[in-house]
Structures are given as C-alpha cells and as structure tokens.
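# Report on the structure
Okay, here's what each chain looks like letter by letter:
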Amino acid sequence: MKKYVLIYNPVAGDAKFKSRLDEVVEYLQVSDGIVLPFRTRYKEDIRPFIRQIKEIGADGLIVSGGDGTVHQVINAMLTEDVDMPVGIIPSGTCNDFSSHVSFDKNLSRCLSAVTGGQWRMVDVGKVNEEYFLNVASAGLLTSVAHSVDTSLKNTVGRLAYYFKGLGQLPNFRSLHVKITADGQEIEGDILLFLVMNSGIVGSFPSLAPAARIDDGKLDLLIINKCSISELMGLFISMFSGRHILSKHIRNLQAKELYIECDEPVDSDLDGEQGPLLPLAISTFTKKLKVFQLP
Ligand SMILES: Nc1ncnc2c1ncn2[C@@H]1O[C@H](COP(=O)(O)OP(=O)(O)OP(=O)(O)O)[C@@H](O)[C@H]1O
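Predicted, not measured: the structure shown is a model, and the values here were computed from it.

## Some thoughts on the site of the ligand
In the region of the ligand, 19 residues are neighbours, and Gly-66, Gly-68, Thr-69, Gly-92 and Thr-93 sit closest. For the shell around the ligand, the leading source of residues is helix α3 (residues 67–79), giving 3 residues. Of the residues assigned to the shell around the ligand, the class counts are 5 nonpolar, 11 polar and 3 charged.

## A closer look at the pairing of strand β4 (residues 86–90)
On a regular strand, one side chain projects to one face of the sheet and the next to the other, so that they alternate. In terms of residue burial, β4 counts as a mostly covered element, since 5 of its 5 residues are buried. Across the two faces of β4 the burial is the same, with Val-86, Ile-88 and Pro-90 and Gly-87 and Ile-89 all buried. Bridge count for strand β3 (residues 60–65) against β4 is 5 bridges, and the pairing is parallel. Its bridge partner being in β4, Gly-65 is matched across the sheet by Pro-90. In this view, the connection linking β3 to its parallel neighbour β4 by way of α3 has right-handed handedness.

## Comments concerning the nonpolar core
In terms of nonpolar packing, the biggest core is built from 69 residues, with Phe-193, Val-195 and Met-196 touching the most fellow members. If one sorts the elements of this core by residue count, strand β9 (residues 184–196) sits on top with 6 residues. Composition of this core by domain shows at least three residues from each of domain 1 (2–117) and domain 2 (130–285). Residues in contact with Met-196, not counting those within four places in the same chain, are Asn-134, Val-135, Val-201, Leu-207, Ala-208, Ala-211, Leu-218, Asp-219 and Leu-221.

## Structural notes on the pairing of strand β5 (residues 119–127)
Here 8 bridges tie β5 to strand β15 (residues 279–291), and the two strands are oriented antiparallel to one another. Its bridge partner lying in β15, Gly-125 is registered against Thr-283. In this sheet, strand β6 (residues 130–132) lies alongside β5 in antiparallel orientation, the contact comprising 3 bridges. Looking at β6, one finds that Val-127 is bridged to Glu-130. Here β5 folds back onto β6 in antiparallel fashion, the turn holding 2 residues, of which Asn-128 has a positive phi close to 50 degrees.

## Remarks on the packing of helix α1 (residues 21–30) against helix α5 (residues 107–116)
Axis separation between α1 and α5 bottoms out at 10 Å; the angle between their running directions is 35 degrees. In this structure, the crossing between α1 and α5 has a hand that is right-handed. On α5, the residues touching Glu-23, Val-24, Tyr-27 and Leu-28 of α1 are Leu-107, Ser-108, Leu-111 and Thr-115. A class-by-class count of the residues in the contact of α1 with α5 yields 5 nonpolar, 2 polar and 1 charged.

## Some remarks on the packing of helix α2 (residues 46–53) against α3
In a pair of packed helices, the angle between the axes and the distance between the axes together describe the arrangement. Two numbers describe how α2 lies on α3: the axes approach to 9 Å, and their chain directions differ by 45 degrees. One element, α2, and the other, α3, form an angle in the oblique class. As for how α2 packs across α3, the hand of that crossing is right-handed. Seen from α2, the contacting residues are Ile-46, Arg-47 and Ile-50; seen from α3, they are Gln-72, Val-73, Ala-76 and Met-77. Taken together, the residues of the contact of α2 with α3 break down into 5 nonpolar, 1 polar and 1 charged.

## Considerations on the environment of Tyr-42
With respect to the helices and strands, the residue Tyr-42 is situated in the loop between β2 (33–39) and α2. Spatially, the C-alpha atoms of Tyr-42 and Val-82 are 20 Å apart, while their sequence positions differ by 40 residues.

## Quick look at α3
In this model, α3 (13 residues) spans 18 Å end to end at C-alpha, consistent with the 18 Å of a helix rising 1.5 Å per residue. Most of α3 sits out of view: 11 of its 13 residues are buried. The complete set of buried residues in α3 reads Asp-67, Gly-68, Thr-69, Val-70, His-71, Gln-72, Val-73, Ile-74, Asn-75, Ala-76 and Met-77. One or two residues past the end of α3 sits Asp-81, with phi positive at roughly 60 degrees.

## Some words on the environment of Arg-51
For Arg-51, the position within the fold is in helix α2. For the pair Arg-51 and Val-82, spaced 31 residues apart in sequence, the C-alpha separation works out to 8.0 Å.

## A few points about the confidence of the model for the chain
With 87% of its residues at a pLDDT of at least 70, the chain reaches an overall mean of 87. In the predicted structure, residues 151–159 sits below a pLDDT of 50 and forms 11 contacts with residues beyond four places in sequence or in another chain. Interface predicted TM-score (ipTM) for the complex: 0.94; the corresponding pTM is 0.87.

## Description of unusual backbone geometry
Residues Leu-277 and Pro-278 are joined by a peptide bond in cis, for which omega reads 10 degrees. Within the secondary structure, Pro-278 sits in the loop between β14 (272–276) and β15. A positive phi angle, near 50 degrees, is found at Asn-128, a position not held by glycine. You can see Asn-128 is positioned in the loop between β5 and β6. When the 15 C-beta atoms within 10 Å are taken as the criterion, Asn-128 is described as partly exposed. Positive phi is not limited to glycine here, since Asp-182 has a value of about 45 degrees. With respect to the element layout, Asp-182 can be found in the loop between β8 (175–181) and β9. Assessed through the 11 C-beta atoms surrounding it within 10 Å, Asp-182 is described here as exposed.

Analysis parameters
Residues numbered from 1 in each chain as written. Predicted model: local features only at pLDDT ≥ 70, side-chain atom pairs only at ≥ 80, totals over all residues. Near = placed C-beta within 6 Å. Helix = DSSP H or I, 4+ residues; strand = E, 2+ residues; numbered from the N terminus. Nonpolar A, V, L, I, M, F, W, Y, C, P; charged D, E, K, R; others polar. Buried ≥ 20, exposed ≤ 12 C-beta atoms within 10 Å, placed from the backbone. Pairing = 2+ DSSP bridges. Right-handed = clockwise from strand over helix to strand, strands pointing away. Core = buried A, V, L, I, M, F, W, Y, C linked by C-beta atoms within 7 Å. Domains from an automatic or database assignment. Contact = placed C-beta atoms within 7 Å. Axes fitted to C-alpha atoms, helices over the stretch in contact; angles between N-to-C directions. Left-handed = near helix turned anticlockwise from the far one by under 90°. Parallel < 35°, antiparallel > 145°, perpendicular 65-115°, else oblique. Expected span 1.5 Å × (residues − 1). pLDDT = per-residue confidence, 0-100.

Structure (structure tokens):
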C-alpha cells in the first residue's frame, strides 16, 4: 500500500476543492493507497507540518491550492530537506506552474499522475533565502497582483489582474535598475522584469519562448520604459508571443542574477509578496521531483 500526504488550501480559487475530498480519498484507496490530509489555515502552518511528515516516509505529496500554496509547500520541503515527489491539484486563480507541468483542473488526471508513480526532475530558483518555482518579478505587475482584491480575484479569476492592471496604467512609473546576469551588466529604466523558470506567467502561455523547466537556466524578460500606448500594444502581442520581437523587450538566459534598484521596491515570488530589492537570484538544477502523467 502506498502512503500519500495531501496538503489542501480550502479557500484557494473558487473554494470548491474541499467538496471533492471524498473523491480524492476514494481514488487513492481504489489504487491501493492511503492518504493523510492536512488543511491549511495560514501559510505559516505549512512548514511545521512538513517537518513532522519527514518521519512518515510517504510515497508522494499532493498539494491542492493556488500558486501561493504550492510556493509555501515547496519552500518548506526544500528547507526541511524533505525529498518526495510532488503532485499538484490546481485550485487557485492562475496555477501557472502546475499548468506548465501538465496538471490541469481534471481531478482524475492529476491523481492518475500521482498513482502512476512516474516523476521528473525540475529546476527551482532561489531569491535571497526563498525558493521560487515559477517566477520572481518586480515592477508594474507586482503592485497589481498584490493589490487585487481576493474576492474580485476569485470571482473573475485571472481577468482581475488585467482589469486592475489596465485601471492602474496611468499610475505606472519606471524603475532604474542595474542587473548583473552571469557577469553581463544591464542598466536602465524599466517598467517590469520577470525572472522565469517556466515560460508561463500570469496565464500568458509563452512569455519566454526559450524557457525550459529543467535546463539549469532562468529566463530574464525586461520591459523597458515605454509609453502607455506602446505598453498596451506589448500586452496584446504577449498573447501570441510576438512581444519578443519588440524593441522594448530584452530577453536572455542566465544561471545567476543580481538585481539592484536605486529605491526600495517590493518583489513578487510565484504570486506571493517577496523581499525588497536587491535580489540575489540563483538556479538549482533539477532540484525537485514532480509527478508526471505516464
Ligand atoms: N483555511 C484558510 N483560510 C483562509 N486563508 C487561507 C487558508 N489556508 C490558506 N490560506 C491563505 O491562502 C493564501 C494562498 O492562496 P493560494 O495562492 O494558494 O490561492 P489563490 O490566491 O486563490 O490562487 P493564486 O495564487 O493561483 O492566484 C495564503 O496567503 C494563505 O495564508
């Protein structure tokens, strides 16, 4: 019999996952598995629980939640040296990382990846002392994401980011940054930078076309200072991936980055509030096991 741990956030996204717990237990039992569920209350609950399950020796850890819950669980696992494959039941608003590693909202598909027992190794990024799975960023979208009201986000989902973002366009201002990417120095006025592990961010499918989640590199995408109308044009071209050709975009790959700004600016890690700049960013190649569909 296989043992699984399930960590679930009952309020993530539309808060419907909790009504499907019985289905999860049934699916795993029918597949000769048993599951230990843990319901989150605050993000601070997760690390003490992960520390306790170290002794259990489970065959896999299933996380149901949004990018924020997945971010907390992975940080706790890597910090506490808990080495087990992870499966994700995405129930948040954007679920960027999980959609990249092929977990969609189909519950049986997610669970079949877990019970199938096959996993792959993926890279993880680290900013100062905190790991991130998908993206570290700062600039205009960061303030939008942190100011989107949760009820608005849960009602209209990812569109809330765009609605809120468009409303704030007139307030956007540039940041003067200095970026060192594997020794190469870039300095200038920018609107936004993203350091990506997968190329999916904010549900845009291909923000960094060359990004691979297991290539040992992170993909830096910079939007240089430009006018509001040029920025609107860039957002539209992001849906097709053509933004990469714009003169306002800079895209490169690096293993280590150091990003400084001449003012204190918040960062965003996987949709959660991150540390103030400067950011010392590094890549940990093939650091995490993620279940995959057979
Ligand atoms: N039982 C709970 N009640 C209220 N808040 C909770 C509970 N459990 C976790 N949280 C909070 O939920 C937040 C994480 O939510 P998560 O990111 O997983 O979902 P989301 O915001 O709906 O999705 P996404 O990040 O994809 O937009 C954390 O800040 C955490 O403190």
